[in-house]
2 protein chains.
Amino acid sequence: MATATVMRESIELCDTLTEEEDTLTREIITRVADKWSLWVMHVLVTAEGPLRFSRVHDEVEGISQKSLTKALRQLERDGMVTRTMFAEVPPRVEYAITPIGIEMMEHVEPLWLWVAKSVGRFQQARAEFDGRGK
Amino acid sequence: MATATVMRESIELCDTLTEEEDTLTREIITRVADKWSLWVMHVLVTAEGPLRFSRVHDEVEGISQKSLTKALRQLERDGMVTRTMFAEVPPRVEYAITPIGIEMMEHVEPLWLWVAKSVGRFQQARAEFDGRGK
DNA sequence: CAGTATCCAGATCGATACTG
DNA sequence: CAGTATCGATCTGGATACTG
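Residues numbered from 1 in each chain as written. Chains lettered and ligands numbered in written order. Predicted model: local features only at pLDDT ≥ 70, side-chain atom pairs only at ≥ 80, totals over all residues. Heavy atoms only, no water.

A separate point is the protein's contact with DNA strand C. The full set close to DNA strand C counts 20 residues, and Lys66 and Ser67 of chain A together with Gln65, Arg83 and Tyr95 of chain B are the nearest of them. Protein-adjacent atoms of DNA strand C, using a 4 Å cutoff, are sugar or phosphate at a proportion of 56%. The contact in question runs from a phosphate oxygen of DNA strand C to an N or O atom on the side chain of Ser54 of chain B, over 2.7 Å. A distance of 2.7 Å separates a base nitrogen of DNA strand C from a polar side-chain atom of Gln65 of chain B. Mapped onto the surface near DNA strand C, the elements with two or more residues apiece are helix H5 (65-77) of chain A together with helix H4 (53-59), helix H5 (65-77) and strand S3 (92-97) of chain B. Class assignment of the residues belonging to the surface near DNA strand C gives a composition of 7 nonpolar, 6 polar and 7 charged. (Near = heavy atom within 4 Å. Polar contact = N/O pair within 3.5 Å; in protein donor to acceptor, adjacent residues only side chain to side chain. Helix = DSSP H or I, 4+ residues; strand = E, 2+ residues; numbered from the N terminus. Nonpolar A, V, L, I, M, F, W, Y, C, P; charged D, E, K, R; others polar.)

What follows is the structure, given as structure tokens:
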């Protein structure tokens, strides 16, 4: 019943979106699953303050410079992080999470939490499936 | 403060996950952003009953046979849909959502809903960013 | 009907090298 | 320091053709 309510609400809302809005919605959702975007935002949230490029690069273990740059640009473009450049030598650039970025994380975390809590059930499902397939 | 609570809870939980569990968690989350998986599940939820392969193929507009097969296999493997084969000629195969699949959708929809409702703010952020970049 | 098999174009991502 | 540019391996996904 709670299900039906949520479903109906989302179906109605989705019907009111233009094609452009629908595309953008999907793109934003994509950030959630993106290998790095969520991790980058997580680092910026827990830092509770701006971080330099190299600090983020340290914290997000395994990311390449190229991928980090790309992730940060996307997040900046979508208003989830800010990028502040200081006219110094050597150059200093600081990244920080925005209010909408925090909102995003607040909405993502419950889902992430549920999946993490359910991981045992997914493992069992896979074990059964892989077993059936011999 | 609600933020901090959720964050802390998720950080603690994530620390208890083995590497294998963490990988699986990420894979499941990936389904959320996958172009087709969520759409397929949505179709199966709203159908309120099993659907044949060709019916799903009709409902999920634009998907190729190959991609649909792959999406259904993944969802089946992760326990979110069931696949029932009938020994008939011509062959009949029916797909249905599972309880855990419904749970998944229940946890995804609020996020989707928030993004859809916030789409105007994301559009504005992009407009500003693209404007600044000349 | 419900797939599988094959080919192929485009996107993605890491590694590496270079620059203001 | 904070990138950009480039190259190559890998992955993805559609189109097409074939099968039990």
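Once that is clear, we can look at the protein's contact with DNA strand D. Of all residues adjacent to DNA strand D, which total 21 residues, the nearest are Gln65, Arg83 and Tyr95 of chain A together with Lys66 and Ser67 of chain B. For DNA strand D, the fraction of protein-proximal atoms (within 4 Å) that sit in sugar or phosphate groups is 57%. Here Gln65 of chain A contributes a side-chain N or O atom positioned 2.7 Å from a base nitrogen of DNA strand D. In the environment of DNA strand D, a phosphate oxygen lies 3.3 Å from a nitrogen or oxygen atom belonging to the side chain of Arg73 of chain A.

Okay, the nonpolar core next. A general tendency of soluble globular proteins is for nonpolar side chains to be buried together. Counting 74 residues, the largest nonpolar core has Val40 of chain A together with Val40 of chain B as its most contacted members. Here this core takes 11 residues from helix H6 (residues 99-132) of chain A, the largest share from any one element. (Core = buried A, V, L, I, M, F, W, Y, C linked by side-chain atoms within 4.5 Å. Buried < 20%, exposed > 50% of the residue type's maximum accessible area, 1.4 Å probe, protein only.)

Turning next to the pairing of strand S2 (residues 81-86) of chain B. Residue and element names in this part refer to chain B. Pairing analysis gives 6 bridges linking S2 to S3, with the strands arranged antiparallel. Its bridge partner being in S3, Thr82 is matched across the sheet by Ala96. A loop of 5 residues connects S2 with S3, the two strands running antiparallel in sequence. (Pairing = 2+ DSSP bridges.)

This next bit is on the packing of helix H2 (residues 19-33) of chain A against helix H6 (residues 99-117) of chain B. Think of two packed helices as two axes; the pair is described by the angle between the axes and how far apart they sit. With their axes 9 Å apart at the nearest point, H2 of chain A and H6 of chain B run at an angle of 135 degrees to one another. What the angle tells us is that H2 of chain A and H6 of chain B run oblique. Crossing of H2 of chain A against H6 of chain B: the hand is right-handed. Residues Thr25, Arg26, Ile28, Ile29 and Val32 of chain A of H2 of chain A lie in contact with H6 of chain B, whose contacting residues are Leu111, Trp112, Val115 and Ala116 of chain B. Its residues assigned to classes, the contact of H2 of chain A with H6 of chain B shows 7 nonpolar, 1 polar and 1 charged. (Axes fitted to C-alpha atoms, helices over the stretch in contact; angles between N-to-C directions. Parallel < 35°, antiparallel > 145°, perpendicular 65-115°, else oblique. Left-handed = near helix turned anticlockwise from the far one by under 90°. Contact = heavy atoms within 4.5 Å.)

A word on the relation of the copies chain A and chain B. The operation relating chain A to chain B is a screw motion whose rotation component is 180 degrees, with 0.0 Å of axial translation and a residual RMSD of 0.1 Å. Interpreted geometrically, this transformation is the action of a two-fold axis. Taking C-alpha positions as reference, the residue of chain A nearest the rotation axis is Ala33 of chain A, located at 2.7 Å. Taken as a fraction of all interface residues of chain A, those also at the interface in chain B reach 98%, which identifies the copy contact as same-surface. (Least-squares fit on C-alpha atoms with pLDDT ≥ 70 in both.)

Turning our eyes to something else, we now look at the pairing of S3 of chain B. Residue and element names in this part refer to chain B. Counting buried residues in S3 gives 5 out of 6 residues, a clear majority hidden from the surface. One ladder, built from 2 bridges, connects strand S1 (residues 51-52) with S3; its direction is antiparallel. Looking across to S3, one finds that Leu51 is bridged to Tyr95.

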